[in-house]
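Here's the letter readout for the chains.
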Amino acid sequence: MENRNNGKNNYELLCYTRQPGEDSIYSEKLAYSMHLALRRERESFVPLNHNAGILYAKAMQREDGTLHAKSLKNPWLFQMADGAFGILAVRTEADGSEDEESRGKLLLFTSKDLVRYHEEELLDLNTGVYVEDAVCRYDADKGCYCLKWKDAQGGCFAYNLPELSGEAVKAAQPQRLEDGAALAEMAVLPDSGEAPEGARLRNIISIGEETAERLRCKFLVPVNVANEVPERICAASPEDVKKVRANAKYSDGTCVEKRVDWYTGEVDFAHPGTYRVTGRVHQNHYEFPVAWHRADPCIGKWKGKYYFIATNDYDNNHSLYIREADTIPELVTAQEICILNTSMYPHLGNLLWAPEFHIIRDRLYIFHAGTPQEFEKEQCHVMALKENGNPMKASDWEMPVRVVKKDGSYLYGEQGITLDMTEFEVNGRVYAAWSQRQFHPVDQGAWLYIAQLDPEEPWKLISDPVLLSMPEYGWANNHTFVDEGPFALITDKKIFLTFSSAAVDSTYVVGLLSADPDADLLNPESWVKENYPLMSSRSKEGEYGTGHNSYVTDEDGLVWNAYHGKPGVDGPRSSGLRRVHFGADGYPILEMTEEKDLAPELTEVSMEVVVK
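For every chain, the first residue of the written sequence is number 1, and numbering continues from 1 along that sequence. Note on the predicted model: pLDDT of at least 70 is required for a residue's local features to be given, and 80 or more for side-chain atom pairs to be given and counted; whole-chain, interface and lining totals, by contrast, use all residues. The side-chain figures draw on all heavy atoms in the structure; neither hydrogens nor water molecules are used.

Here we look at the overall build of the chain
Only DSSP runs of H or I reaching four residues or more are called helices, and only runs of E reaching two or more are called strands; each is numbered from the N terminus. Of regular secondary structure, the chain possesses seven helices and 42 strands. The globule rule puts the C-alpha radius of gyration for 612 residues at 25 Å, and the 27 Å found for the chain is close to it. By its C-alpha atoms, the chain is 85 × 70 × 45 Å across when sized along the principal axes. Relative accessibility thresholds used throughout: buried, under 20% of the residue-type maximum; exposed, over 50%; partly exposed, between the two (1.4 Å probe, protein chains only). The proportion of buried residues among the 612 residues of the chain is 58%. With residues, only the protein chains shown are counted as cover, and all accessible areas are computed by Shrake-Rupley using a 1.4 Å probe. For the chain, the accessible area works out to roughly 25,700 Å², and carbon and sulfur atoms hold 46% of it. Computation of the radius of gyration draws on C-alpha atoms, with the globule rule given as 2.2 Å multiplied by the number of residues to the power 0.38.

If you want it as structure tokens, here you go:
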């Protein structure tokens, strides 16, 4: 094991892949990725990221634009000369079989922090024989990397390299080893009883407290550890008490201000004195699902009211209903009103999908997709609320308009479809992001695009579409190659764009792109994609295929994640709600379940109220 951290290395990090499970739960594309588990010395390993993959191999793009999915096996984690981390792995076909393009080669990744990874290159070992296994370590005394590998014919070899690069390998001469014992001696593994469920063990490295804490904060969902209120306040009325909030603290060091439901019935505000009052930290309860047979949910706020809209799976996507309420919890039981159906307009005769509320220059719009009839003609549309219109009246909405490019031509022609268009504004510029799928001459799968919108006529682009993301990782092309459902979540430090990937079944997941607020958002290089999904069927037991989400801020300033999932592997797509937590690094956490958000045993708080 390497020992190159500054300070004491009192943590161990286990690198492994997993045995594939049922295809609908944990397929080969998910299992054949690098997983990590963490432990303090002599304690048990804790799987990170719900015992799911953290590093995946990218798909390769063919000449016709289609993607060729890849997986990896036998990843080996090691520390590099500069203190960063390296991973060597055998790249395979998606199902784990031999990859002809990787014959005689090893795939090299690097990472500064074990959170984000860069796929560097395929190192050609100059043998032309498939690689079966490889190990590597940096020898500080010799100032070189010791790379050993075993090929599919049983041959074992070694390189001593000044750096890990294709050029260094090309210039070096391999040394033939007698057997594979030299590879095995470099691996330090736990007892089988200590391994995570389904693990195919690889190796362990030692890491320090800072690295371990970063991994815990990033790959373990934080839990509520304390709720603090002032010891004493002065108050002249119940309203003064009501203003006092709790500071909810979490295991990753973050905190959130939360409303408290205070009981002031025993305080006599007409008579001076000191009173002990109790309260309960407020938490809205949303039992999944909050709306059956409703997919792609979106909640918007307009003129003091909250509105809910979603794809209607109950009638096979032939209508759009909205709900109106004063608060988000009241939307759960609010009456539904149909504002659009497939009999109203000839160009929208089928498949009304993914409606979203957007306010642009003080006007309310619904972005959605629709088709005259066939799925292959599905296209993005924008529907505007008439001036002084009532969102709950179908007649107050203008006819939906199909989105066009800056030259006035349709966003996409006969080659394929567009859908799931969203909108967001940054530094005075309005952007649209959407999913686009080419069917002709070949099906390329669904990719994400971005362009600038005309804020006065937001069905018109004013810049050329730019490719933003392709479903290149195993979690994104599981069962089908799809990136779709983008939605922006903007903070003062980052532009986050979540999106959904894979088939709309139990394998559906949510991925993340991010960019700096001052970056050129039309430059793909400005965006960083995470290598693993933020939300999946492993986020909460009993909720499968969670995805196609949106965000809304409530009256307390808390951000909520509206998403759909399945109550069972084969259950109907239905809507759910969870609070969005922002982690220690400022990135959104979409897996904050109610019991983690507010520990039941910490709900009650108390303080002294002084009436003068």
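Some thoughts on the sheet that holds strand β42 (residues 604-611)
An order of β16-β42-β20-β19 is seen for the four strands of this open sheet, with the pairing classed as mixed. The strands lining the two open edges of the sheet, one partner per strand, are β16 (232-234) and β19 (260-263). If you compare each strand with its neighbour and ignore which way they point, the axes differ by 35 degrees on average. For two strands to count as paired, DSSP must find a minimum of two bridges between them. Of the strand pairs in this sheet, β16 and β42 are connected by three bridges, and their pairing is parallel. When the sheet's bridge partners are listed, Cys234 is paired in β42 with Val610. Fitted lines through C-alpha atoms give the axes, limited to the stretch in contact for helices. The angle between two N-to-C directions lies from 0 to 180 degrees.

Some remarks on unusual backbone geometry
The omega torsion across Phe288 and Pro289 is -5 degrees, close enough to zero to call that bond cis. Here the residue pair His440 and Pro441 is connected by a cis peptide bond, since its omega of 5 degrees sits within 30 degrees of zero. At Asn51, a residue that is not glycine, the phi angle is positive and equals roughly 60 degrees. Considering the arrangement of structural elements, one finds Asn51 in the loop between β3 (46-47) and β4 (60-61). We classify Asn51 as buried; its relative accessible area is 8%. For Asn427, which is not a glycine, the phi torsion comes out positive at approximately 50 degrees. Asn427 gets classed as exposed once you look at its relative accessible area, which sits at 60%.

Observations concerning empty space enclosed by the protein
Cavities and pockets were defined on a 1 Å grid built over protein atoms only: a cavity is a set of grid points that admits a 1.4 Å probe from which the probe cannot escape, a pocket is an open set flanked by protein on both sides within 12 Å along at least five of seven lines, and lining residues are those with an atom within 4 Å of any such point. Grid points are joined across faces, edges and corners, and a volume is the space filled by probe spheres set on the points. Under the definition given, this model contains three cavities of 30 Å³ or more. Quantified by volume, the largest cavity comes out at close to 110 Å³. Forming the walls of the largest cavity are 13 residues, and the residues nearest its centre are Lys258, His282, Gln283, Leu558 and Trp560. Under the scheme applied here, ten amino acids are nonpolar (Ala, Val, Leu, Ile, Met, Phe, Trp, Tyr, Cys and Pro), four are charged (Asp, Glu, Lys and Arg), and all others, including Gly, are polar. A class-by-class count of the residues in the lining of the largest cavity yields two nonpolar, three polar and eight charged.

Some words on the domain arrangement of the chain
A common measure of how large an interface is: the accessible area buried when the components associate. Each domain's limits were defined by an automated method or a database of domain assignments. Here the chain is described as being made up of domain 1 (11-219), domain 2 (224-279 + 605-611) and domain 3 (302-402). Here the C-alpha centroids of domain 2 and domain 3 sit 42 Å apart.

Points about the side chain of Thr498
You can see Thr498 is positioned in strand β34 (residues 495-501). As used in this structure description, the phrase polar contact means that two N or O atoms lie within 3.5 Å; if the pair is within protein, one of them must be able to donate a hydrogen and the other to accept it, and residues adjacent in sequence are counted only when both atoms belong to side chains. Separated by 2.8 Å, the side chains of Thr498 and Tyr551 make a polar contact.

Some remarks on the packing of aromatic side chains
Planes of paired rings set the category: under 30 degrees apart is stacked, over 60 is edge-to-face and the rest tilted, where pairs are Phe, Tyr or Trp rings (Trp by its six-membered ring) whose centres lie within 6.5 Å. Tallied over the entire structure, the rule returns 16 aromatic pairs. Through pairs of rings, three or more aromatic residues link up here, namely Phe78, Tyr138 and Tyr145. Remark: a charge is flagged as sitting over a ring if the NZ atom of Lys or the CZ atom of Arg is within 6 Å of the ring centre and within 35 degrees of the ring normal. Taking NZ or CZ as reference, Arg116 lies 4.6 Å from the ring centre of Tyr587, over its face.

Section: the sheet that holds strand β31 (residues 445-452)
Hydrogen bonds along the backbone pair up the strands of a sheet, which may run parallel or antiparallel. On the basis of which strands lie adjacent, the open sheet formed by four strands has the order β29-β30-β31-β32 and antiparallel pairing. A strand with exactly one partner marks an edge of an open sheet, and here the two such strands are β29 (416-426) and β32 (466-469). Neighbouring strand axes in the sheet, compared pairwise and without regard to direction, differ in orientation by 30 degrees on average. Bridge analysis of β31 against β32 gives three bridges, and the strand direction is antiparallel. Bridging from a neighbouring strand, Leu448 pairs with Ser469 of β32.

Some points on the UniProt feature "domain: Bacterial Ig-like" (unreviewed entry) in the chain
UniProt positions are given in the numbering used here, feature names are shortened, and annotations may be inferred rather than shown by experiment. The UniProt record marks residues 247-282 with the feature "domain: Bacterial Ig-like" (unreviewed entry), using the residue numbering of this structure. For the annotated span residues 247-282, helix accounts for 0% and strand for 58% of the residues, and the straight-line distance between the end C-alpha atoms is 12 Å.

Brief notes about the nonpolar core
As used in this record, nonpolar core signifies buried Ala, Val, Leu, Ile, Met, Phe, Trp, Tyr and Cys residues forming a set joined through side-chain atoms within 4.5 Å. Core analysis: the biggest nonpolar cluster contains 52 residues, and Leu13, Leu36, Leu77, Ile207, Phe424 and Trp527 have the highest contact counts within it. Contacts were defined at the residue level, with two residues in contact if any of their heavy atoms lie within 4.5 Å. Contacts of Leu13, omitting those with residues within four sequence positions, involve Leu36, Ala37, Leu38, Phe45, Leu48, Leu77, Leu114, Asn203, Ile204, Ile205, Ile207 and Leu215. Judged by nonpolar contacts, the second largest core, of 32 residues, contains Leu348, Phe357, Leu364 and Leu489.

Notes on the pattern of salt bridges
A side chain with one charge can pair with a side chain of the opposite charge if their charged atoms come near. Salt-bridge detection follows one rule: a side-chain nitrogen of Lys or Arg within 4 Å of a carboxyl oxygen of Asp or Glu. For the coordinates displayed, the defined rule picks out 35 salt bridges. Where Glu608 meets Arg276, a salt bridge forms, and the shortest distance between an N and an O atom there is 3.8 Å. With Glu608 in strand β42 and Arg276 in strand β20 (residues 273-281), this pair connects stretches of sequence that are 332 residues apart. The partner of Lys305 in a salt bridge is Asp326, with the nearest N and O atoms 2.6 Å apart. Placement of the pair is Lys305 in strand β22 (residues 305-312) and Asp326 in the loop between β23 (319-325) and α6 (328-331), with a sequence separation of 21 residues. On the basis of relative accessibility, which here comes to 43%, the residue Asp326 falls in the partly exposed class. A cluster of three or more residues bridged by salt bridges with shared partners is formed by Lys70, Arg91, Glu93, Asp99 and Glu101.

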